[in-house]
Amino acid sequence: MTSVRALWQAYADVWREIRADKGALMLLFVAGVVYSLFYPLPYRYEQVEAVPVAVVDRDQSPSSRTLVRWLETVPALEVERLGRDPAALQEALWRGEVMGLVVIPEGFHGELLAGRQADLQVASHEGYLLAGSKVLAGVSQAAATLGAGVTRQRLLGQGQASWQAEAGHTPVRLQARALYNADEGYGSYVVPAVMVLIIQQTLLMGITLIIGSRAERGRLGQSPIGYAGMLAAFTTVGVINCLYYFEGVTRFQDYPLAGTFGPTLLFSVVFSLCVSALALLLASAFDTRERGLQLLLATSIPMLFLAGYSWPVEALPEPLVWLRWLLPSTAGIQGLVALNQMGVGLEQVSRELGVLLALTLVSVPLGAWRYARLPGGPKAAAVSGA
């Protein structure tokens, strides 16, 4: 019973310190709520729409005018300027007044009637990658629609039946459907991954604040039971944040949610335990409460890139491909996103679970050993008594 009381006392002490420490309370709980409300705002509309496009129609033919009409029907595009002076419209592109420029060359109509391939000139503002890609995709869609219509009319003119002409210009019908991101939005893709990183970073920095305050007061050391109580308390904080994000924020923001509660809870416990153990080990090296913030604040963006989510793993140097697994966020992002957004089972994230458990099995014994030898711990007390 003594051990149970000591464990509970250490657990409760952490919660009392969190409530009394405004900085830690802000990091461990309030920051997560603020991030969840404001970070998704830039991606609220999910897709880029009404991208301004300028069109230079140098052919002035029925086919070129039909193409312009098709361009005007593309939801992602907004045809704002029509003219015959490419230089003037190119200036508008450089100034950012339009995001794309389409030039329909002379002879466009004649090439189509002759059954030859007709060329279009398309330029997009790649300073805005999403807008630029929408210009290229929208123009391709309009051009393909025009080409299919021309081919169908030519086949009808050759005496083919309507159904034969239809099959002739589209022998294979392609119906594309996004599997895990139905809206094909950037927010649905990136925000859930960033959530995991926010949980890790706020937990890391919040723990360093609490442990740093203890270091300043000279009561950093803990028995193995006391260390276990601290670890359990901070793990609880991590699990609460994980469930808040993946069971609350994803529903509120209407992001894809295909997972079930059980696997999410289990993975959240393992992830939070791993991050807490690593954070306690790191925090034991800091002698002031601000030191952890100073060192960890700038690591968030590199960790996101190293996770292989927003940056392809194949583009990383070979040593980083392996070293990135030393960060809990790498396995955490891959695992939690797969469980929640893709609806996979635990067996399909067994590699990520294994990595987190391995990091935990290394960090926990080192942490218990470390805290037993710090000022105020049982080892220090034994030496002092001798």
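Residues numbered from 1 in each chain as written. Predicted model: local features only at pLDDT ≥ 70, side-chain atom pairs only at ≥ 80, totals over all residues. Heavy atoms only, no water.

A.B. asks: It is not clear to me how the overall build of the chain should be interpreted in this structure. Could you clarify?
C.D. replies: Looking only at helices and strands, one finds 16 helices and four strands in the chain. Taking all 386 residues of the chain together, 44% fall into the buried category. Across the chain, contacts joining residues at least 24 apart in sequence account for 78% of those joining residues at least 6 apart. Total accessible area computed for the chain in this model is approximately 19900 Å², and 62% of it derives from carbon and sulfur atoms. (Helix = DSSP H or I, 4+ residues; strand = E, 2+ residues; numbered from the N terminus. Buried < 20%, exposed > 50% of the residue type's maximum accessible area, 1.4 Å probe, protein only. Contact = heavy atoms within 4.5 Å. Areas by Shrake-Rupley, 256 points an atom, 1.4 Å probe, with all protein chains shown as cover.)

A.B. asks: How do you make sense of the environment of Leu 113 when you look at a structure like this?
C.D. replies: On the secondary structure map, Leu 113 appears in helix 5 (residues 108-113). Taking C-alpha positions, Leu 113 is 9.3 Å from Ser 63, a pair spaced 50 residues apart along the chain.

A.B. asks: Even after reading the chapter, I still don't get helix 8 (residues 186-217), so can you show me in this structure?
C.D. replies: Since the α-helix advances by 3.6 residues per turn, residues separated by three or four positions end up pointing in the same direction. Compared with the 46 Å implied by 1.5 Å per residue over 32 residues, the 46 Å span of helix 8 between its first and last C-alpha is a close match. Counting buried residues along helix 8, 27 of its 32 residues qualify, which places the element largely inside the surrounding structure. Once helix 8 ends, the next one or two residues include Gly 218, with phi positive near 75°. (Expected span 1.5 Å × (residues − 1).)

A.B. asks: Any chance you could explain the nonpolar core here in plain terms?
C.D. replies: Ranked by size, the top nonpolar core spans 65 residues in total, and within it Phe 271, Leu 280 and Tyr 371 carry the most contacts. Of all the secondary structure elements, the ones that give two or more residues to this core are helix 1 (2-20), helix 2 (22-38), helix 8, helix 9 (224-252), helix 10 (261-283), helix 12 (300-306), helix 14 (328-341) and helix 15 (350-372). The biggest single contributor to this core is helix 8, with 16 residues. Grouped together as the second largest cluster of nonpolar side chains are 20 residues, Val 51, Leu 71, Ala 131 and Ala 142 included. (Core = buried A, V, L, I, M, F, W, Y, C linked by side-chain atoms within 4.5 Å.)

A.B. asks: Is there a simple way to explain the sheet that holds strand 1 (residues 51-57) in this structure?
C.D. replies: Hydrogen bonds between backbone groups are what pair the strands of a sheet, and the pairing can be parallel or antiparallel. The strand order 2-1-3-4 describes an open sheet built from four strands, whose pairing is mixed. One side of each edge strand has no neighbouring strand; the edge strands of this open sheet are strand 2 (77-83) and strand 4 (121-124). Ignoring strand direction, the axes of neighbouring strands in this sheet form an average angle of 20°. For strand 1 and strand 3 (residues 100-104), the ladder comprises five bridges, and the chain directions are parallel. Each bridged residue has a counterpart across the sheet, and for Val 56 the counterpart in strand 3 is Val 103. Against the sheet, helix 4 (residues 86-94) engages strand 1, strand 2, strand 3 and strand 4, with an angle of about 165° to strand 3. (Pairing = 2+ DSSP bridges. Axes fitted to C-alpha atoms, helices over the stretch in contact; angles between N-to-C directions.)

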